[in-house]
Amino acid sequence: MSVAPDPAASIVPDWLSEPGDLNALCTKLWPTNARRNSGGEIELGGLWASELASQFGTPLMVIDEDDARSRMRSTLEAFTAAFAEAGTSASIYYAGKAFLTGAVVQWVREEGLNLDVASLGELTLALRAGFPAERIGFHGNNKSVAELSCAIREGVGSIVLDSWHELERLTTLAREMGARPRVRIRVNSGIHASTHSYLATAHEDQKFGVTIADAERMAVQVAEENVLELLGFHSHIGSQIFETSGFLAAADRLLDLHERTSKAIGRGLPELNLGGGFGIAYLEHETPLAPAHMATELARELAAQAAERGIPLPHVAFEPGRSLIGPAGVTLYEVGTIKAVHVGDGDAVRHYVSVDGGMSDNARPALYDADYTVRLASRASTADAMLVRVAGKHCESGDIVVHDGYLPSDLALGDLVAVPATGAYCHSLSSNYNYLTRPAIVAVRHGAAELMVRRETIEDLLMRDMTFSAAPTPHEQEPTA
């Protein structure tokens, strides 16, 4: 007896399988402490989804503090141990651009990591949160005089030089301020990750860094002028990387550059920074490398590369962000509308589930065509699965939170749904498009919730519009003496 084909199968992507249990939470996608409780609700850090939504509203970003701290700690321990075995030391910089708040800065400091920032705003936040300036690295492809001046004045541990103009700008400031800032030179190694083209950042046709040839000339100039202290070279090959081969290929080229430059300037360079980009699982079929596995493999192979050249392996630094904070985050939404839409000329049906957030709190699907999963959060269900697309409430057809997923067919208005792995690049890329206010962020731990960032209000947004602001306009202000 033949079975009639499922009409919806024609619109289901190859990677998506209908789950055997719509209530199950795939452990690699969710925070360590996420589970379904006896009432069928998703529980995060010991708190029910419904009580979090009731107390803080939706959309709501929830961060499992223990999960984030554990990832920071285990990554640092793994790389420290692996590179010690290889005969050198290693440091981990948390890439603040992934997700940065005052509380996160404190977690990073307390867990012993360094911190990477990419703007005056990120630097100011870090300093005000009490992070030691000497443990901060400052990135960016067009750092201003104000940014560089602040970095010098505050004693930032290292500044990444991204261009000849930046070298000239920083050298001039260092002379004027009587300081000797420590620098790395960002190199386009020619190696880039197999990822979305906007995430791959080491091929030469892009805005970051300088060529290998320019990097060598720049290093020699820094050494000759003796105004800046050269630590070494820096590379970043992209994001969402699931293997070590790209890092090793980049390291091979940078160690050649490291060796040539050391000979040219008559001294060794103390550091090699290979950037970040460690991937995480957004979908069930994705399997990122464990930190210990990655650290062991990289340390062993880098030591071998250095031995082949007859040079000591320098101190090695990495800059993960997403892998440390991404899986710790879950976003809760409330369902507002459900539409059954017939797709194409056949009988395939996709259900559009619209929620109370969207591209203003998660721009990654619109920017990168990124995929996420979704689960019913406020209750369990034994209903059949239905194919859904979770959409936001913005006036954009591309305002999608989850392109393809399954939810129970008894999904109802007012239900809470949860999207995991939203800890990285959601808050960082958030906006006020359509004048939506950005959601609150709470840290959960041991059954308690602590507000990290309060929900924006419409008054917050109107405050910057001078039509509604009580502050005097420039022409109304009294002239200064």
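Use the structure listed above.
This is a predicted model, so every value here is computed, not measured.

Draft legend 1. Representation of the pairing of strand β19 (residues 440–445). In terms of residue burial, β19 counts as a mostly covered element, since five of its six residues are buried. Across five bridges, strand β4 (residues 60–64) lies against β19 in parallel orientation. Each residue of the ladder has a partner; that of Leu 60, found in β19, is Ala 440. Taken together, the five bridges between β19 and strand β20 (residues 448–453) define a ladder with antiparallel strand orientation.

Draft legend 2. Summary view of the sheet that holds strand β12 (residues 315–318). Read once around its circumference, the closed barrel built from eight strands follows the order β5-β6-β7-β8-β9-β10-β11-β12, with strand pairing classed as parallel. Looking at each pair of strands side by side, their axes are set apart by 30° on average, direction ignored. Packed onto the sheet, helix α4 (residues 120–128) meets β6 (114–117) and β7 (136–138) and runs at close to 170° relative to β7.

Draft legend 3. Molecular detail of the environment of Ala 412. As for its position among the elements, Ala 412 is in the loop between β17 (400–408) and β18 (416–420). Owing to a relative accessible area of 31%, Ala 412 belongs among the partly exposed residues under this scheme. A sequence separation of 173 residues divides Ala 412 from Ser 239, and the C-alpha atoms of the two residues are 37 Å apart. Look past the residues within four positions of Ala 412 in its chain and what remains in contact with it is Val 335, Ile 338 and Arg 379.

Draft legend 4. Representation of the sheet that holds strand β2 (residues 42–44) within the structure. Across the sheet, which stays open at both edges, the three strands sit in the order β1-β2-β3 with antiparallel pairing between neighbours. Edge positions in the sheet fall to β1 (35–36) and β3 (47–48), since each of these pairs with one other strand and no more. Summarising the sheet, β1 and β2 pair through two bridges and their orientation is antiparallel. Paired with Arg 35 across the bridge in β2 is Glu 43.

Draft legend 5. Expanded view of the packing of aromatic side chains. In the structure shown here, the tally under the stated rule is seven aromatic pairs. Aromatic pair Phe 79 and Phe 278: ring centres 5.8 Å apart, planes at 10°, arrangement stacked. Note that Phe 79 is positioned in helix α2 (residues 65–85) and Phe 278 in the loop between β11 (271–273) and α9 (291–309), a separation of 199 residues in sequence. Overall, the relative accessible area of 6% leaves Phe 278 in the buried class.

Draft legend 6. Molecular detail of the pairing of β18. Most of β18 is tucked away, with five of its five residues classed as buried. Of the pairings in the sheet, the one linking strand β13 (residues 329–342) to β18 comprises five bridges and is antiparallel in character. Each bridged residue has a counterpart across the sheet, and for Tyr 333 the counterpart in β18 is Val 417. Relative to β18, strand β15 (residues 375–376) runs antiparallel, the two being bridged by two bridges. Bridge pairing links Leu 376 to Val 417 in β18.

Draft legend 7. Spatial organisation of helix α3 (residues 102–110). Taken as a whole, α3 has its buried residues at Val 104, Val 105, Trp 107 and Val 108. The arc that holds the buried residues of α3, viewed along the axis, is 160°, so those residues lie on one side.

Draft legend 8. Up close: the environment of Val 330. Position of Val 330 among the secondary structure elements: in strand β13. When the C-alpha atoms of Val 330 and Arg 438 are compared, they prove to be 15 Å apart, with 108 residues separating the residues in sequence. Filtering out sequence-adjacent residues up to four positions away, Val 330 remains in contact with Trp 30, Pro 31, Leu 44, Leu 60, Met 61, Val 62, Ala 418, Val 419, Pro 420 and Thr 422.

Draft legend 9. Seen up close, helix α5 (residues 145–154). Buried within α5 are the following residues: Glu 147, Leu 148, Ser 149, Cys 150, Ala 151 and Ile 152. Along its buried surface, α5 packs onto α4, β7, β8 (158–161) and α6 (164–177). At the exit of α5 stands Gly 155, carrying a positive phi of roughly 75°.

Draft legend 10. Local environment of the layout of surface pockets. Roughly 710 Å³ of volume is contained in the largest pocket. Forming the walls of the largest pocket are 32 residues, and the residues nearest its centre are Lys 97, Phe 208, His 236, Ser 239 and Tyr 425.

Draft legend 11. Molecular detail of empty space enclosed by the protein. Evaluated as defined, the whole model comprises two cavities of 30 Å³ or more. In this structure, the largest cavity occupies an estimated 40 Å³ of space. Lining the largest cavity, in full, are Met 61, Asp 361, Cys 426, His 427, Ser 430, Arg 438, Pro 439 and Ile 441. When grouped by side-chain class, the residues that make up the lining of the largest cavity number four nonpolar, two polar and two charged. Every residue lining the second largest cavity is listed: Ala 24, Leu 25, Cys 26, Leu 29, Trp 30, Glu 284, Thr 373, Arg 375 and Pro 420. Here the lining of the second largest cavity is composed, by residue class, of six nonpolar, one polar and two charged.

What counts and how
- Residues numbered from 1 in each chain as written.
- Predicted model: local features only at pLDDT ≥ 70, side-chain atom pairs only at ≥ 80, totals over all residues.
- Heavy atoms only, no water.
- Buried < 20%, exposed > 50% of the residue type's maximum accessible area, 1.4 Å probe, protein only.
- Helix = DSSP H or I, 4+ residues; strand = E, 2+ residues; numbered from the N terminus.
- Pairing = 2+ DSSP bridges.
- Axes fitted to C-alpha atoms, helices over the stretch in contact; angles between N-to-C directions.
- Contact = heavy atoms within 4.5 Å.
- Phe/Tyr/Trp six-rings, centres within 6.5 Å; stacked < 30°, edge-to-face > 60°.
- Arc of directions from axis to C-beta.
- 1 Å grid on protein atoms, 1.4 Å probe; cavity = no way out; pocket = protein on both sides within 12 Å on 5 of 7 lines; lining within 4 Å.
- Points joined across faces, edges and corners; volume = space filled by probe spheres on them.
- Nonpolar A, V, L, I, M, F, W, Y, C, P; charged D, E, K, R; others polar.

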